[in-house]
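Each chain is listed here by its residues.
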There are 2 protein chains.
Amino acid sequence: MDIRKKIGLRIKEYRTNLKLTQEALAFKAEIDKTYVNEVENGKRNVSVINLEKIICALDATIRDFFDSEVFEGGIN
Amino acid sequence: MDIRKKIGLRIKEYRTNLKLTQEALAFKAEIDKTYVNEVENGKRNVSVINLEKIICALDATIRDFFDSEVFEGGIN
């Protein structure tokens, strides 16, 4: 699976656990809501600075965010 | 510490463990060597697709790469 898709799914997982809307997440992360939507849908090649903002707004650490089987495999 | 710096240090750690030069890493990752140099020096806001290529060239998984105390804290 494309890394963009993997990250998008993981964001969605955290966001829905927190019962946040995409809009609320975008507001909390101080990022445009269209951008957050595209990242969550795996359509954006997000940069690490914006990804960190999103992860922070999800009350997670970068370490925890990537601590999933999803991020075990190689490219594709 | 800035996320760019954290990522750069982690890349350097893996790269030196593998006894790879920056040039060899860039070649293996199929990324420009100037770009790899800038990422390693924490000067580049690397995108997840290029970061995945670098991590893959370091024979690591994304999960392992971020499995470090360095990635525990919040922003800054």
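Residues numbered from 1 in each chain as written. Chains lettered and ligands numbered in written order. Predicted model: local features only at pLDDT ≥ 70, side-chain atom pairs only at ≥ 80, totals over all residues. Heavy atoms only, no water.

Participant: In this structure, what is going on with the relation of the copies chain A and chain B? I would like to understand it.
Facilitator: The operation relating the two chain copies consists of a rotation about an axis and a shift along that axis. Rotating chain A by 180° about the axis while translating it 0.0 Å along that axis superimposes it on chain B, leaving an RMSD of 0.0 Å. The superposition operator between the copies reduces to a two-fold rotation axis. Every residue of chain A has its C-alpha some distance from the rotation axis, and the shortest such distance is that of S47 of chain A, at 2.0 Å. (Least-squares fit on C-alpha atoms with pLDDT ≥ 70 in both.)

Participant: Even after reading the chapter, I still don't get helix α2 (residues 22–29) of chain A, so can you show me in this structure?
Facilitator: In an α-helix, one turn spans 3.6 residues, which is why side chains three or four residues apart end up on the same side. Residue and element names in this part refer to chain A. Residues of α2 that are buried: Q22, L25, A26 and A29. Buried residues of α2 fall within an arc of 100° about the axis and therefore sit on the same side. In this fold, the buried residues of α2 make contact with α1 (3–17), α3 (33–40) and α4 (48–57). A positive phi of about 55° marks E30, the residue just after α2. (Buried < 20%, exposed > 50% of the residue type's maximum accessible area, 1.4 Å probe, protein only. Helix = DSSP H or I, 4+ residues; strand = E, 2+ residues; numbered from the N terminus. Arc of directions from axis to C-beta. Contact = heavy atoms within 4.5 Å.)

Participant: Sorry, what's going on with the packing of α4 of chain A against helix α1 (residues 3–17) of chain B here?
Facilitator: The angle between the axes and the distance between the axes are what describe a pair of packed helices. One can describe the packing of α4 of chain A onto α1 of chain B by two numbers: an axis separation of 9 Å at closest approach and a directional angle of 110°. In terms of orientation, α4 of chain A lies roughly perpendicular with respect to α1 of chain B. As for how α4 of chain A packs across α1 of chain B, the hand of that crossing is right-handed. Mapping the contact onto sequence places V48, I49 and E52 of chain A in α4 of chain A and I3, R4, K6 and I7 of chain B in α1 of chain B. (Axes fitted to C-alpha atoms, helices over the stretch in contact; angles between N-to-C directions. Parallel < 35°, antiparallel > 145°, perpendicular 65-115°, else oblique. Left-handed = near helix turned anticlockwise from the far one by under 90°.)

Participant: Just to check I follow, could you spell out the pattern of salt bridges for this structure?
Facilitator: Pairs can form between side chains of opposite charge whenever their charged atoms are close. Per the counting criterion, the structure on display carries 16 salt bridges over all chains. When the shortest N-O distance is used, the salt bridge between K33 of chain A and E23 of chain A registers 3.4 Å. Of this pair, K33 of chain A sits in helix α3 while E23 of chain A sits in helix α2, placing them ten residues apart in sequence. R44 of chain B serves as the salt-bridge partner of E38 of chain B, at 2.8 Å between the closest nitrogen and oxygen. A relative accessible area of 24% places E38 of chain B in the partly exposed class. Salt bridges sharing partners connect three or more residues here, namely R63 of chain A together with D67 and E72 of chain B. (Salt bridge = Lys/Arg side-chain N within 4 Å of Asp/Glu carboxyl O.)

Participant: How should the packing of aromatic side chains be read in this particular structure?
Facilitator: Two aromatic rings, taken as a pair, are described by how far apart their centres are and by the angle between their planes. Residues and elements named next belong to chain A. By the definition in use, this model includes nine aromatic pairs over all chains. Centroid distance Y14 to F65: 5.8 Å. Interplanar angle 20°. Geometry classified as stacked. Taken together, the residues span a long stretch of sequence, with Y14 in helix α1 and F65 in helix α5 (residues 62–65) at a distance of 51 residues. Each of the two residues, Y14 as well as F65, counts as buried. (Phe/Tyr/Trp six-rings, centres within 6.5 Å; stacked < 30°, edge-to-face > 60°.)

Participant: Explain helix α3 (residues 33–40) of chain B here, please?
Facilitator: Residue and element names in this part refer to chain B. For α3, the full list of buried residues reads Y35, V36, V39 and E40. Down the axis of α3, the buried side of the element spans an arc of 130°, and every buried residue falls inside it. In this structure, the buried side of α3 is in contact with α1, α2 (22–29) and α4 (48–57). Between a side-chain oxygen at the N-terminus of α3 and the backbone nitrogen of T34 the separation is 2.9 Å; the capping residue is D32. Positive backbone phi, at 70°, marks G42, one or two positions downstream of α3. (Polar contact = N/O pair within 3.5 Å; in protein donor to acceptor, adjacent residues only side chain to side chain.)

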